[in-house]
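Fold and contact review
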Amino acid sequence: MWDPARKQQVQAAFAAAGDPAFTAQTYRRVEAALDLYAATWTSTQIVACRAAQGGAGVDELGGLRSACLARRLNELRSVVDVLARADRQVVERAVNVVAGLGDLSACNDEQQLTSNVVPPPTEAVRAEASALRSRLDAARAEARSGQYGPGLSQVQAVVVEARALAYAPLLAEAQLALGDLEAMSGRAREAEAAYSDAIRAAAEGRHPRAAAEAWVQLVDNIGGRQAQADRALGLQLAAEAALAWDGSDPVLQARFLTALARIRLNQGDSTDAAELATRALELLEHPSTPATGGDIGRQLERANVITMLGKAAYSRGEFEVADRHYQSVLTIRREALGPDHPDVASALNDLGDNDYARGRYAEARANLEQALALRTRVLGPGHPDISNTETSLGALFYATADYRAARDHYARAVAIRSAALGPDHPRTAGALMNLGNAEIVLGDLDRAYEHYEAARAIQERVLGPEHPEVAYSLTNLGFVLRNFTKQDRLAESIRFYERALQIREKTLAPDDPTIGHTLDNLGEAQAAAGKLPQALVTLGRALQIREKAFGPDHPDVAATLLNLGDATARSGDPQEALALLRRALQILDRALGPEHPDVGLALIALAEVEVGVHDPAAREHAERAVKLLDAAADVSPGDRAHAQFLLARALDDRGRALELARLARENYARDPNADPQALARVDAWLKGQG
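The shown structure was predicted, so the numbers you read here are calculated from the model rather than taken from an experiment. (Residues numbered from 1 in each chain as written. Predicted model: local features only at pLDDT ≥ 70, side-chain atom pairs only at ≥ 80, totals over all residues. Heavy atoms only, no water.)

Considerations on the overall build of the protein
The line we're drawing: Numbering of helices and strands runs from the N terminus; a helix is a DSSP stretch of H or I covering at least four residues, while a strand is a stretch of E covering at least two. Note on classification: 1.4 Å probe, protein chains only; a residue is buried when its accessible area is under 20% of the maximum for its type, exposed when over 50%, partly exposed between these limits. When checking whether two residues touch, look at their non-hydrogen atoms; a contact exists if any pair is within 4.5 Å.
Assigned secondary structure in the protein consists of 34 helices and zero strands. Projecting the C-alpha coordinates of the protein onto the three principal axes gives extents of approximately 115 × 50 × 40 Å. Taken across its 690 residues, the protein has 52% of its residues classed as buried. If you take every contact in the protein between residues at least 6 apart in sequence, the share linking residues at least 24 apart comes to 65%.

Re the nonpolar core
Heads up, the condition is: Put simply, a nonpolar core is a bunch of buried Ala, Val, Leu, Ile, Met, Phe, Trp, Tyr and Cys residues held in one set by side-chain atoms that sit within 4.5 Å of each other.
Phe-14, Val-30, Leu-34, Val-79 and Leu-83 are the most contacted members of the largest nonpolar core, which totals 90 residues. Per-element accounting of this core gives the leading share, nine residues, to helix H14 (residues 250-266). Here Leu-34 is in contact with Trp-2, Leu-76, Val-79, Val-80, Leu-83, Val-98 and Leu-101, once residues within four sequence places are set aside.

Let's talk about the packing of helix H33 (residues 654-670) against helix H34 (residues 676-688)
Here is the rule we go by: Structural elements are reduced to axes, namely lines fitted to C-alpha atoms, with helices fitted over the stretch in contact, and the angle between N-to-C directions of any two is expressed from 0 to 180 degrees. Angle categories: roughly parallel below 35 degrees, roughly antiparallel above 145, roughly perpendicular from 65 to 115, and oblique for all the rest. Crossing handedness is read from the near helix: turned anticlockwise from the far helix by less than a right angle, it gives a left-handed crossing, and turned clockwise, a right-handed one. Each residue gets one of three labels, nonpolar for Ala, Val, Leu, Ile, Met, Phe, Trp, Tyr, Cys and Pro, charged for Asp, Glu, Lys and Arg, and polar for the others, Gly among them.
Two elements in contact, H33 and H34, have axes whose closest approach is 10 Å; the angle formed by their N-to-C orientations is 155°. Here H34 runs roughly antiparallel to H33, going by the angle between their axes. Both H33 and H34 take part in a crossing whose hand is left-handed. On H34, the residues that touch Ala-657, Leu-658, Ala-661, Arg-662, Arg-665 and Tyr-668 of H33 are Ala-678, Leu-679, Val-682, Asp-683, Trp-685 and Leu-686. Grouping the constituent residues of the contact of H33 with H34 by class yields nine nonpolar, no polar and three charged.

Looking at the side chain of Arg-640
If you trace the backbone, Arg-640 turns up in helix H32 (residues 637-650). A relative accessible area of 19% means that Arg-640 is categorised as buried. Non-local contacts of Arg-640, meaning those with residues more than four positions away in its chain, are made with Leu-629, Asp-630, Ala-632, Val-635 and Asn-667.

Observations concerning the environment of Val-611
Mapped onto the elements, Val-611 comes out in helix H30 (residues 597-612). According to the relative accessible area criterion, Val-611 is buried, its value standing at 13%. Along the sequence, Val-611 and Ala-650 sit 39 residues apart, while their C-alpha atoms lie 6.3 Å from each other. With sequence-adjacent residues up to four places away left out, Val-611 is seen in contact with Ala-618, Leu-646, Arg-649 and Ala-650.

Thoughts on the state of the cysteines
In protein chemistry, a disulfide is the covalent bond that joins the sulfur atoms of two cysteines. Our working rule: Criterion for a disulfide: a pair of cysteine sulfur atoms at a distance within 2.5 Å.
With the rule as written, the count across this model stands at one disulfide. One disulfide in the model links Cys-68 with Cys-107; its S-S distance is 2.0 Å. Torsion about the S-S bond of the Cys-68 and Cys-107 cystine: about -70°, corresponding to left-handed handedness. A residue pair is termed long-range when its members are at least 10 positions apart, and Cys-68 in helix H3 (residues 60-84) and Cys-107 in the loop between helix H5 (94-99) and helix H6 (110-113) qualify at 39 residues. Cys-107 carries the same exposure label as Cys-68, and that label is buried. As a non-bridged cysteine, Cys-49 has Cys-107 as the owner of its nearest cysteine sulfur, 13 Å distant. Classification of Cys-49 as partly exposed rests on a relative accessible area of 33%.

Side note on the pattern of salt bridges
As a reminder, the rule being used: A pairing counts as a salt bridge when a side-chain nitrogen of Lys or Arg comes within 4 Å of a carboxyl oxygen of Asp or Glu.
This structure, assessed with the given rule, holds 53 salt bridges. Asp-350 serves as the salt-bridge partner of Lys-311, at 3.7 Å between the closest nitrogen and oxygen. Of this pair, Lys-311 sits in helix H16 (residues 294-315) while Asp-350 sits in helix H18 (residues 342-357), and the two are 39 residues apart along the sequence. Using a relative accessible area of 33% as the deciding quantity, one classes Lys-311 as partly exposed. Note that Asp-355 and Arg-360 form a salt bridge whose closest N and O atoms lie 4.0 Å from each other.

Comments concerning the side chain of Asp-180
Tracing the chain through its elements places Asp-180 in helix H9 (residues 168-184). Setting aside chain neighbours within four positions, we find Asp-180 in contact with Tyr-195 and Gln-217.

Some details on helix H1 (residues 4-15)
Put simply, the rule reads: For a helix, the expected span equals 1.5 Å multiplied by the number of residues minus one. The arc in question is the one traced by the directions running from the helix axis out to the C-beta atoms.
The end-to-end C-alpha distance of H1, which contains 12 residues, comes to 16 Å, matching closely the 16 Å that a straight helix rising 1.5 Å per residue would cover. Among all positions in H1, only Arg-6, Lys-7, Val-10, Ala-13 and Phe-14 are buried. Viewed end-on, H1 has its buried residues packed into an arc of 130°, placing them on one side of the element. Turned more than 90 degrees away from the buried face of H1 sit Pro-4, Gln-8 and Ala-15, all of them exposed.

Brief notes about the packing of aromatic side chains
Definition in use: Stacked, edge-to-face and tilted labels apply to pairs of Phe, Tyr and Trp rings (six-membered ring for Trp) whose centres lie within 6.5 Å, assigned for plane angles under 30 degrees, over 60, and everything in between, in that order. Charges are assigned to positions over rings by a cutoff of 6 Å between ring centre and Lys NZ or Arg CZ, combined with an angular limit of 35 degrees from the ring normal.
If you walk through the whole model with that rule in mind, you get five aromatic pairs. Ring geometry for Tyr-356 and Tyr-361: centres 6.1 Å apart, planes at 35°, overall tilted. The class of Tyr-361 is partly exposed, set by a relative accessible area of 30%. Between Tyr-398 and Tyr-403, the aromatic rings sit 5.2 Å apart at their centres with planes inclined by 70°, giving edge-to-face as the arrangement. The ring of Tyr-472 has Arg-504 lying over it, and the distance from NZ or CZ to the ring centre is 4.4 Å.

Some details on helix H25 (residues 490-507)
With 18 residues, H25 should reach 26 Å at 1.5 Å per residue; the first-to-last C-alpha distance of 26 Å fits that figure. Looking only at H25, the buried set comprises Leu-490, Ser-493, Ile-494, Phe-496, Tyr-497, Ala-500, Leu-501, Ile-503, Arg-504 and Thr-507. At its buried positions, H25 is contacted by H14, helix H24 (468-483) and helix H26 (513-528).

Digging into unusual backbone geometry
Non-glycine residue Arg-206 carries a positive phi angle of around 50°. For Arg-206, the position within the fold is in the loop between helix H10 (188-204) and helix H11 (208-225). The backbone phi angle of His-614 is positive, close to 60°, even though this residue is not glycine. Secondary-structure assignment places His-614 in the loop between H30 and helix H31 (617-631).

Structural notes on the packing of helix H20 (residues 384-399) against helix H21 (residues 403-421)
It is the contact of H20 with H21, at a shortest axis distance of 8 Å, that shows an interaxial angle of 160°. Taken together, the axes of H20 and H21 are roughly antiparallel relative to one another. Crossing angle aside, the handedness with which H20 passes H21 is left-handed. Contacts from Pro-384, Ile-386, Ser-387, Asn-388, Glu-390, Thr-391, Leu-393, Gly-394, Ala-395, Phe-397 and Tyr-398 in H20 reach Tyr-403, Ala-405, Ala-406, His-409, Tyr-410, Arg-412, Ala-413, Ile-416, Arg-417, Ala-420 and Leu-421 in H21. Of the residues contributing to the contact of H20 with H21, the split by class is 14 nonpolar, five polar and three charged.

What about the environment of Gly-352?
If you trace the backbone, Gly-352 turns up in helix H18. In the structure, Gly-352 is positioned 32 residues away from Glu-320 in sequence and 13 Å away in space, judged by C-alpha atoms. In contact with Gly-352, not counting residues within four places along its chain, are Ala-364, Asn-367 and Leu-368.

Topic: the environment of Gln-175
For Gln-175, the location among the structural elements is in helix H9. Sequence separation between Gln-175 and Glu-318 is 143 residues, and the spatial gap between their C-alpha atoms is 41 Å. With near-sequence residues (within four places) excluded, Gln-175 lies in contact with Val-159, Arg-163, Ala-194, Asp-197 and Ala-198.

Listed below in structure tokens is the structure:
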């Protein structure tokens, strides 16, 4: 079971599985945890045997205790079997595999042992149920080690046999395990069906623990994986009733509160999410809460909840608070799992993302590159978790205007997810959207459109047409169509934006920043299509949301001010437009620095209106835009041309103006995405100069 020979087998398997430092650290932690579990099982078994010997034999309670211990022993055997044939993936999850062992204290809990679960009707059914439970335990151990395929096949076979046996409590346990495996494999709808079947079987078999676990998982699945928050929250009362029926186990209650926190965070209510996660953490830290899976298990549960607190703080823009939470998670995981565990890399990734959001790009890069190096060394270059870090690095390089480096990181994320998860996985769709974003700023709208359309098709097929992720693809497609210049696609762009807005308004709070982003895009397209009254209303609402969410000096606020200034100028109010555009420029100068390419685009927008009203400041702003964009990498020729032509129109020096206009013409001609009308305007101006 867990004797010196089996220890040697497990240690040898670990040593052959990958990075020596990581596998050795992990083996030491696994060995200590299994030593403790085996010793606790032995002492509990000795007490049970002495109790039986000191009385009149094995009474009903003693029989239940013996059955409980026999099952825990079988779980231990299944875990050791998995660890003895460990590969790199199993070693990565080995601590979690051990932490998932059943709680031995339950075998001394008279209330749990004597729960009113329907007993097997005959000894034959009892024996068959015991054998099937052993197979379920083995499949669960496989699943915790990351072996989803073999585990799923085993559980599916057990479900068929349990249904034929017609013993409802066992069927409930099998359907619950099936739901977990389906969820781990990314099949949320199939998981929902299995959890629902488990709930029905648990009710029939009077199995409170299976019912409570299935309800918790069902709510988490619908609200989290399927992002159907309202439907999930509609099941909250039933889940709470199931938890009460089971006795409100504090660990399971904490998991339920964490699931609710995740749902509320996805709805945009980070305050409620933080309150729920705080309650979950209080339950886990209460002295009376059993340490399920040992102390390591308790610490890992705490780390998961604290991560949720960090995400809630991040969502509120409280980045210092989020940093403290993520640092705490990093400390817990390093102590519980060792410094080279992949979950440590996850904490580093969260810290890097938080540093990125705070504008601390050097710190973000250091944390993310450390996470990437750790994950690559321990997991191998093709592991799907590496795609998360590649994505974060892509976002970082995108923000610092190194768009080619961003595209390279995003492309690696797409390749990894396509190979590891499959081309139709939702996370592959997310990577395709990021790659499309990089292609846009590098000027390849056709490739961007291909990536966005592929992402949308995956999401609608796998997640359904109303899933929030679909809204991201619709927004991106709308943006590409808005900027297509070879043909007018504005009406189609507006329809995509409107559909994205409808999806988001169903699932998010009215003032969620994501809705502000969608409104900003929609208003820009409406203005470009000449629908100026609608654009002003749409952009005004976007500005209110963004100022409330981010404060008055955030770059996203500046982006909306630029669009609102353009729409206001088109509506015939240039002075109000200038006030909006100057405020946007001030924000970007402070937030991004005076040399950032986005500052150059703001200067262009401002100078365009100033030239139209003969404001002398136009020359200074256009001159600065030309110098900034000439020096910047990865700026489209069309943007450079726009700045050059603006300066030409603002200058009194006819010779230099003609030279700039000719350069603008050359740049427009070089840009495949340039507006043909812009080139025609330059030609007309040059012709008018004689």
